[in-house]
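# Survey of secondary and tertiary structure
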Amino acid sequence: MPNCPKCSASLRPTLRDSRLALGCDRCGGLWARDGAIVLLPEEVGLRADPTSRAPNDTRTGLCPDGHGILIRARVEVSDAAPFYLERCAACHGIWFDTGEWARIASTELRAHLDALWDPVARRAAIAARNEARLAGDLRAHLGDALHDQLVALAGALEAHPDRAMACAYLEERLRG
């Protein structure tokens, strides 16, 4: 039997007559081999509170099937604290620390887990997070009304052929 990437205990099958999904009785983690995600019921791996962060989420581990170090991907589901999933680059198995599968199983992310490790999708997610932070900071500093006016002005100028003139006017007007 393969060993748990987080606590090295032996993994055991979690689905009847299937080695596609293996669980760890010691730490509550779940190893889902390629193809197992569509078969996994939501209640698999519900040993812990699904909103809590797994204590082992601070580090990665080795592929239980012996392919090397698992690659981490940041996961953000609704307004809850982000967490990390680990996937093997060779066999595409995914490691869920205790409670992580429960957080993903009932979301649309379940069908799109591969995007977490896609470089283009990861860059887009980072850009979206950064844009949301900037908007939040602007809103906090400027207030809702001025923020909304600024966003509307930027949208109007974005495709305008003389936007450089408008930017120069604003810079000159606000300088003095």
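Residues numbered from 1 in each chain as written. Predicted model: local features only at pLDDT ≥ 70, side-chain atom pairs only at ≥ 80, totals over all residues. Heavy atoms only, no water.

## Focus on the pattern of salt bridges
This is how it is decided: When a carboxyl oxygen of Asp or Glu is within 4 Å of a side-chain nitrogen of Lys or Arg, the pair counts as a salt bridge. Under the DSSP-based scheme used, a helix requires at least four consecutive residues in state H or I and a strand at least two consecutive residues in state E, with every element numbered from the N terminus.
All chains considered together, the criterion is met by 12 salt bridges. Across the pair R12 and D25 runs a salt bridge, and its minimum N-O distance is 2.6 Å. Residue R12 is located in strand β1 (residues 11-15), and its partner D25 is located in the loop between β2 (18-24) and β3 (30-32); the two are separated by 13 residues in the primary sequence. R175 is the partner of E171 in a salt bridge, and the nearest nitrogen-oxygen pair spans 2.9 Å. One end of the pair, E171, and the other, R175, are both in helix α4 (residues 163-175), four residues apart, so they sit about a helical turn from each other.

## Overview of the packing of aromatic side chains
What counts, and what does not: Pairing of aromatic rings covers Phe, Tyr and Trp, the last counted by its six-membered ring, and requires centre-to-centre distances within 6.5 Å; plane angles under 30 degrees mean stacked, over 60 mean edge-to-face, and any other angle means tilted. Note on classification: 1.4 Å probe, protein chains only; a residue is buried when its accessible area is under 20% of the maximum for its type, exposed when over 50%, partly exposed between these limits. Any Lys NZ or Arg CZ that is within 6 Å of a ring centre and within 35 degrees of that ring's normal is treated as a charge sitting over the ring.
Per the counting criterion, the structure on display carries one aromatic pair. With a centroid separation of 5.2 Å and 75° between ring planes, the pair formed by F96 and W101 is classed as edge-to-face. Residue F96 is classed as buried on the basis of its relative accessible area of 0%. The ring of Y84 has R72 lying over it, and the distance from NZ or CZ to the ring centre is 4.1 Å.

## Some words on a nonpolar patch on the surface
Stated formally: Excluding any residue in a salt bridge, patches collect residues exceeding 30% relative accessible area, merging like charges within 9 Å and nonpolar Val, Leu, Ile, Met, Phe, Trp and Tyr side chains within 5 Å. For every accessible area listed, the method is Shrake-Rupley and the probe measures 1.4 Å; residues are considered covered only by the protein chains on display.
Taken together, L134, L138, L142, L146, L150, L153, Y169, L170 and L174 make up a surface patch of nonpolar side chains, about 810 Å² in accessible area. Looking at the nonpolar patch, the elements that each hand over two or more residues are α2 (119-142), α3 (144-158) and α4. Mapped onto the elements of the fold, L174 is located in helix α4. For L174, a relative accessible area of 70% puts it in the exposed group.

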